[in-house]
Amino acid sequence: MQQPVRIAPSILSSDFARLGDEVRAVSEAGADYIHIDVMDGHFVPNITIGPDVVKAIRPCSELPFDVHLMIAPVDAYVEAFADAGADIITAHVEAGVHVHRTLQLIKSCGVKAGVSLNPGTPAEAVDNLIHMVDLILVMSVNPGFGGQSFIASQLDKVRRIRSRIDQSGRDIDLELDGGMNAELAPEAIAAGADVLVAGSATFKDGPARYAENIRLLRGQG
Ligand code: DX5
Ligand code: ZN
């Protein structure tokens, strides 16, 4: 079943020089998850955050840490992110030939397991994984950078995955990530997304605006 929408600010768009304060500020501003984009310069053309940074910001928020791994290989790093304080660890189906094994490994670390699909990957890719995941992340940009434009064709994929989740009867978050803003949010929610990642749309205009930015992203006008 689709849950009330939750907002997951991507700290990739925050001020890295003040990262702890930024995590505190969005938590106090009404965020639901802290979305942490991990990039390796190999699976995606950018390098961002490792487990030590996750550990350093863990005391700054009580919200679930939603760790989005855009790395390949994945398995060697799962335990380090779980130990650093991740609550949900998401791996891409495109990151290796053994995503099923990766999801088993994530679950064996005692955290929630998510699976992510790039824009070019069809909804069917989740069919043999849906029984074992807690979150499905649909990328609405090509992963690698914040601030890109929303790829509208991904809404149809969200609809397809929503019907699969509802058929499964399982409690699975359907998260949409990339190019989100307050104008697109109602359409994304109507398509079936119930977690919206928002980097630039959350962090734009500085801390005094975070609460209002998050409120607008909920589709509350
Ligand atoms: C892209 C990341 C996204 C991104 C979102 O590779 O997975 O989480 O940072 O940033 P915006 O909302 O600015 O597109
Ligand atoms: Zn992300």
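Residues numbered from 1 in each chain as written. Chains lettered and ligands numbered in written order. Predicted model: local features only at pLDDT ≥ 70, side-chain atom pairs only at ≥ 80, totals over all residues. Heavy atoms only, no water.

Engineer: So what's going on with the overall build of the chain? Which residues, and what values?
Structural biologist: Of regular secondary structure, the chain possesses eight helices and eight strands. For a compact globule of 221 residues, the expected C-alpha radius of gyration is about 17 Å, and the chain comes in at 16 Å, within 12% of that figure. Projected onto its principal axes, the C-alpha coordinates of the chain cover approximately 45 × 35 × 30 Å. Taken over 221 residues, the chain has a buried fraction of 55%. Of the roughly 9300 Å² of accessible surface on the chain, a fraction of 51% belongs to carbon and sulfur atoms. The positive charge centre, built from 18 side chains, and the negative charge centre, built from 29, are 3 Å apart in the chain. (Helix = DSSP H or I, 4+ residues; strand = E, 2+ residues; numbered from the N terminus. Rg over C-alpha atoms; globule rule 2.2 N^0.38 Å. Buried < 20%, exposed > 50% of the residue type's maximum accessible area, 1.4 Å probe, protein only. Areas by Shrake-Rupley, 256 points an atom, 1.4 Å probe, with all protein chains shown as cover. Lys, Arg positive; Asp, Glu negative; His and termini not counted. Charge placed at Lys NZ, Arg CZ, Asp CG, Glu CD.)

Engineer: Mind laying out the site of ligand 1, listing which residues take part and the relevant values?
Structural biologist: Taken together, the neighbourhood of ligand 1 is formed by 21 residues, with Asp37, Asp177, Gly179, Gly199 and Ser200 sitting nearest. Here an oxygen atom of ligand 1 sits 3.3 Å away from a polar atom, N or O, in the side chain of His68. One of the backbone N or O atoms of Gly179 is found 2.8 Å from an oxygen atom in ligand 1. Taken by itself ligand 1 offers 380 Å² of open surface, and the protein chains cover 100% of this. (Near = heavy atom within 4 Å. Polar contact = N/O pair within 3.5 Å; in protein donor to acceptor, adjacent residues only side chain to side chain.)

Engineer: Could you give an account of the pairing of strand β4 (residues 88–92), naming the residues involved and the relevant values?
Structural biologist: Of all the five residues making up β4, five are buried; the element is thus mostly covered by neighbouring parts of the structure. A two-sided burial pattern is seen for β4, the buried positions comprising Ile88, Thr90 and His92 on one face and Ile89 and Ala91 on the other. For strand β3 (residues 65–70) and β4, the ladder comprises four bridges, and the chain directions are parallel. Bridge pairing in β4 places Val67 opposite Ile89. For the crossover from β3 across helix α3 (residues 75–84) to β4, the handedness is right-handed. Here β4 runs beside strand β5 (residues 112–117); their pairing, made up of five bridges, is parallel. (Pairing = 2+ DSSP bridges. Right-handed = clockwise from strand over helix to strand, strands pointing away.)

Engineer: Summarise the coordination of the zinc ion (ligand 2); cite the residues concerned and give the values.
Structural biologist: The zinc ion (ligand 2) binds to the protein through His35 (NE2), Asp37 (OD), His68 (ND1) and Asp177 (OD), with metal-donor distances spanning 2.0 to 2.3 Å. Around the zinc ion (ligand 2) sit six donor atoms; with metal-centred angles ranging over 69 to 170°, the donor geometry is octahedral. (Donors = N, O, S within 2.8 Å, 3.2 Å for Na, K, Ca; no water. Tetrahedral: all angles 85-135°; square planar, octahedral: opposite > 155°, others 65-115°.)

Engineer: So, unusual backbone geometry: which residues are in play, and what are the values?
Structural biologist: The omega torsion of the bond from Ala72 to Pro73 falls at 0°, within 30 degrees of zero and hence cis. In this structure, Pro73 sits in the loop between β3 and α3. Backbone geometry places Asp205, a non-glycine residue, at a positive phi of 70°. As for its position among the elements, Asp205 is in the loop between α7 (200–203) and α8 (210–217). On the basis of relative accessible area, Asp205 is assigned to the exposed category, the value being 61%.

Engineer: Account for the nonpolar core, naming residues and giving values.
Structural biologist: Counting residues in each nonpolar core, the largest one holds 72 residues, and the members touching the most others are Ile36, Ile136, Leu176 and Met180. Residues contacting Ile36, with those up to four places away along its chain left out, are Ile11, Ile49, Val54, Ile57, Phe65, Asp66, Val67 and His68. Formed by nine residues, the second largest nonpolar core is a distinct cluster that contains Ala8, Ile88, Leu137 and Val197. (Core = buried A, V, L, I, M, F, W, Y, C linked by side-chain atoms within 4.5 Å. Contact = heavy atoms within 4.5 Å.)

Engineer: Break down the pattern of salt bridges for me, citing the residues and quoting the values.
Structural biologist: Working definition: two side chains of opposite charge can pair if their charged atoms are close together. Throughout the structure, instances matching the rule amount to 14 salt bridges. Asp173 is the salt-bridge partner of Arg6, the closest N and O atoms lying 3.0 Å from each other. Taken together, the positions of Arg6 in strand β1 (residues 6–9) and Asp173 in strand β7 (residues 173–177) put the pair 167 residues apart, joining distant regions of the chain. This pair shows no difference in class: Arg6 is buried, exactly as Asp173 is. Across the pair Asp166 and Arg162 runs a salt bridge, and its minimum N-O distance is 2.9 Å. On the criterion of helical spacing, the pair formed by Asp166 and Arg162 is a turn pair, its members being four residues apart in helix α5 (residues 154–168). For Asp166, a relative accessible area of 37% corresponds to the partly exposed category. On the basis of relative accessible area, Arg162 is assigned to the buried category, the value being 7%. The structure contains a network of salt bridges with shared partners spanning Arg6, Arg162, Asp166, Asp173 and Asp194. (Salt bridge = Lys/Arg side-chain N within 4 Å of Asp/Glu carboxyl O.)

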